[in-house]
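Chain and residue survey
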Amino acid sequence: MRFGWCLLWAFALAGCASQPVIAPHGVVSNNPCIDAVLAHIAMPGQVTAVSIYSHDPDSASAPLAWARQLPAIGISAEELLLARPKMVLTGNLASSGTNAVLARAGIQTLALGVAPTIADDMQQIRTIAAALGRGDAGEALISDIEESLPSTQFSGTNVSAIIWQNGGFVAGKGTLQDELLAHHGFRNASAQYGLSSWGVLPLETLMRNPPQVIFMPTHQRGSDARQMRARQKLLAHLGGRTRIIEFPDRLLFCGGPTIIKVSAILAKTRASFGKDMP
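A quick note: this is a predicted structure, and the numbers were derived from the prediction, not measured.

**Regarding the nonpolar core**
Grouped together as the largest cluster of nonpolar side chains are 42 residues, with contacts concentrated most on Leu38, Leu89, Ile128, Leu132, Leu180, Phe186 and Phe215. At six residues, helix 6 (residues 118-132) tops the list of elements feeding residues into this core. For Leu132, the contacting residues outside a window of four places in its chain are Val27, Leu38, Ala42, Gln46, Met87 and Leu89. Listed in part, the 13 residues of the second largest apolar core include Trp164, Ala189, Tyr193 and Leu206.

See below:
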């Protein structure tokens with residue numbers, strides 16, 4: 001066992017030249033959605049490492065300037081043990097084996113799944129805040145989210161819409177995004193294509209029966225950029241029948257403070273149709 005720990009420390013020291021040292025006995029998160037919440041509620045110095053995804057502008061939900069001040073960490077048990085954290089916050093996709101190793105090492109672990117509703121998402125914020133002893137900060141974030149949502153149920157004519165991710169993925173019924181669409185006066189058109197929860201919508205199917213609004217990313221890099229240009233060229237044939245609204249993929253990854261950004265886009269788009277005349 002001693003030899004195994006020596007190997008771990010040797011690997012750690014080998015990477016010190018390129019990786020910032022993680023301060024021990026802090027809160028470590030390897031989940032970008034949790035990072036986004038921590039950026040709003042954690043005290044300075046309380047978080048000692050964030051997910052590697054939070055250092056990438058294409059996948060980060062937390063503010064990049066905040067995340068890049070902290071070392072990044074992955075999901076392996078070796079990385080997490082070497083960080084010597086007081087607590088690990090992780091997603092439900094983390095390895096159960098990894099969590100078991102952390103438990104045997106006496107490290108407190110909090111695993112959270114993907115919240116399917118706004119209410120579930122707010123409860124997760126409360127859970128994270130309680131774990132950090134930051135209940136008031138958690139309630140302040142929840143209040144900001146509530147203020148971003150319409151105060152009353154939408155009573156006008158619903159506008160048909162989809163949120164169409166790069167690769168053709170569509171947020172369907174039973175997702176947080178579906179609930180946000182309904183809050184802002186949109187009818188999620190995913191059902192008319194035979195999709196449930198998350199599904200892939202081929203471009204050809206969409207072209208035959210387009211919704212009034214497509215929320216989708218319009219800027220990509222590399223091979224995704226070529227695919228996006230081809231998609232936009234075909235969508236241009238829809239003319240004025242369908243509006244294309246910029247909606248980066250990263251807005252689909254998480255709830256928490258991301259809800260505020262999504263609500264701003266949805267509210268502005270729905271207001272442009274007027275209340276009763278979509």
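**Looking at the sheet that holds strand 5 (residues 108-112)**
Spatially, five strands are ordered 3-2-1-4-5 in an open sheet, and the strand pairing comes out parallel. Each having just a single partner strand, strand 3 (72-73) and strand 5 make up the two edges of the open sheet. Both strand 4 (residues 87-91) and strand 5 contribute to a ladder of five bridges, which runs parallel. The partner of Thr90 across the bridge, within strand 5, is Ala111. Docked against the sheet, helix 6 engages strand 1 (27-29), strand 4 and strand 5, running at close to 170° with respect to strand 5.

**A look at helix 8 (residues 176-183)**
Listing the buried residues of helix 8 in full gives Leu176, Gln177, Asp178, Leu180 and Leu181. Phi for Gly185, located one or two positions after helix 8, is positive at around 90°.

**Looking at the side chain of Ser61**
Its place among the elements puts Ser61 in the loop between strand 2 (47-51) and helix 3 (64-67). Using a relative accessible area of 7% as the deciding quantity, one classes Ser61 as buried. Among residues more than four places away in sequence, those in contact with Ser61 are Pro32, Ala36, Arg250, Phe253, Cys254, Thr258 and Lys261.

**Regarding the pattern of salt bridges**
Throughout the structure, instances matching the rule amount to two salt bridges. Here Glu139 ties to Arg126 by a salt bridge, and the two come within 2.7 Å at their closest N and O atoms. With Glu139 in helix 7 (residues 135-148) and Arg126 in helix 6, the pair connects residues that are 13 residues apart, well separated along the chain. Judged by its relative accessible area of 36%, Glu139 is partly exposed. Its relative accessible area of 33% is what places Arg126 among the partly exposed residues. Salt-bridge contacts for Lys173 lead to Asp178; the nearest nitrogen and oxygen are separated by 3.7 Å. Classification of Asp178 by relative accessible area gives buried; the value is 13%.

Cut-offs applied
- Residue numbers run consecutively from 1 along every chain, following the written order of its sequence.
- It should be noted that, the model being predicted, local features are given only for residues of pLDDT at least 70 and side-chain atom pairs only at 80 or more, the latter also being counted only at that level, while totals for whole chains, interfaces and linings use all residues.
- Each side-chain value is worked out from all heavy atoms of the structure, with water and hydrogens disregarded.
- We define a nonpolar core as any set of buried Ala, Val, Leu, Ile, Met, Phe, Trp, Tyr and Cys residues linked to one another through side-chain atoms lying within 4.5 Å.
- Burial status follows relative accessibility: with a 1.4 Å probe on protein chains alone, a residue under 20% of its type maximum counts as buried, one over 50% as exposed, and anything between as partly exposed.
- Helix and strand definitions here come from DSSP, where helices need a minimum of 4 consecutive H or I residues and strands a minimum of 2 consecutive E residues; each element is numbered from the N-terminal end.
- Any two residues whose heavy atoms approach within 4.5 Å are treated as being in contact.
- Note on pairing: DSSP must find at least two bridges between two strands before they are called paired.
- Interaxial angles span 0 to 180 degrees and are taken between N-to-C directions of axes, which are lines fitted to C-alpha atoms, for helices over the stretch in contact.
- For salt bridges, the criterion is a side-chain nitrogen of Lys or Arg within 4 Å of an Asp or Glu carboxyl oxygen.

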